[in-house]
Amino acid sequence: QRYTEFDALRRSHFDAIVIGSSHAYRGYDPSIFRAHGHSFFNLGSSAQTPLHSCRIVGEVIDSSNTGLLIFDCYDIMMEADPLEATSDLTMNLPWDRPAWGMRLAQRDPRGLLLLTVRTLLQHHAPLFTDSTYRAGGYCETTDSLRHPVHFKPKDRWKPYAGMQESFMALLDLCRERGVPVVLVNHPAPSTANRKKHAAFAEWVRSVAEPRHVPFIDLAFDHGLPLSDHDHFYDHNHLNKAGVRIFDEELIRRLERAGLLH
């Protein structure tokens, strides 16, 4: 259902676009950005990794339609097996070239089956709808956890093969196309693994700073009035109330830095 709007990017210009995993499409509400006078579109998708984001950017993002690209990044998205997102995007993206590119990059024979099904269903209406979907690529959730969040201890950050290279390739592609990019890590529950996040954040800074790419890390010590119980609906996604608190703060920071006009 969400993907039917994606092709509008070719015909529009947005002050900002966000790309990334479910942190993106469940964490950035276009209506909040519009209330501050900024046009906004959400290109997030389930389990999207840098491998997928780079190919989507290569297909549709340039300075003619994007004033600022917000790349929502966090440690888990870099560790995920890309097959889930490849399956989702191969079936649903409105553009053929990145669908083929994702499949070829993984060299997984199951991708051939996905491309066959894509071809057979390309003229069909969306197979699934989502009652939480809102215009502009955002999905809204009002539920709250209302109980403690427990994380399994996992001190080491282990990026999946090729993810770091894809991450850097995305930043370099944006520079080549004249698209300003900002990296954002949205809030995490207070009980999440700080040691693993610190290793991820250190690596992000090591590749972002030489490229003069800002990194806004709001994972933990953000000073926002966020509650694990009331502002998250699962172990790492904000609910509607949490999204409003986060988005308002992010917009303030982007405006103050001159990144969002």
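Higher on the page you've got the structure.
Residues numbered from 1 in each chain as written. Predicted model: local features only at pLDDT ≥ 70, side-chain atom pairs only at ≥ 80, totals over all residues. Heavy atoms only, no water.

1. A closer look at the packing of aromatic side chains
Per the counting criterion, the structure on display carries seven aromatic pairs. Both rings, one in F71 and one in F167, keep their centres 5.1 Å apart while their planes meet at 45°; by these two values the pair is tilted. Taken as a pair, F71 in strand 3 (residues 69-72) and F167 in helix 8 (residues 163-176) lie far apart in primary sequence, 96 residues in all. Owing to a relative accessible area of 0%, F71 belongs among the buried residues under this scheme. Ring plane angle 75° and centroid distance 5.4 Å describe the contact between W157 and F200, whose orientation is recorded as edge-to-face. Here W157 is found in the loop between strand 5 (138-139) and helix 8, whereas its partner F200 is found in helix 9 (residues 194-208), with 43 residues between them in sequence. We classify W157 as buried; its relative accessible area is 13%. Judged by relative accessible area, which is 0%, F200 ranks as buried. Pairwise contacts between aromatic rings join F71, W157, F167, F200 and W203 into one cluster. (Phe/Tyr/Trp six-rings, centres within 6.5 Å; stacked < 30°, edge-to-face > 60°. Helix = DSSP H or I, 4+ residues; strand = E, 2+ residues; numbered from the N terminus. Buried < 20%, exposed > 50% of the residue type's maximum accessible area, 1.4 Å probe, protein only.)

2. Quick word on the sheet that holds strand 1 (residues 16-19)
Strands sit in the order 2-1-3-6-7 across an open sheet of five strands; the sheet is parallel. Edge positions in the sheet fall to strand 2 (40-42) and strand 7 (215-217), since each of these pairs with one other strand and no more. Strand-to-strand, the axes of this sheet are offset by a mean angle of 20°, without reference to chain direction. Note that strand 3 and strand 6 (residues 181-185) share four bridges and pair parallel. In the sheet register, I70 faces strand 6, and the bridge partner there is V182. (Pairing = 2+ DSSP bridges. Axes fitted to C-alpha atoms, helices over the stretch in contact; angles between N-to-C directions.)

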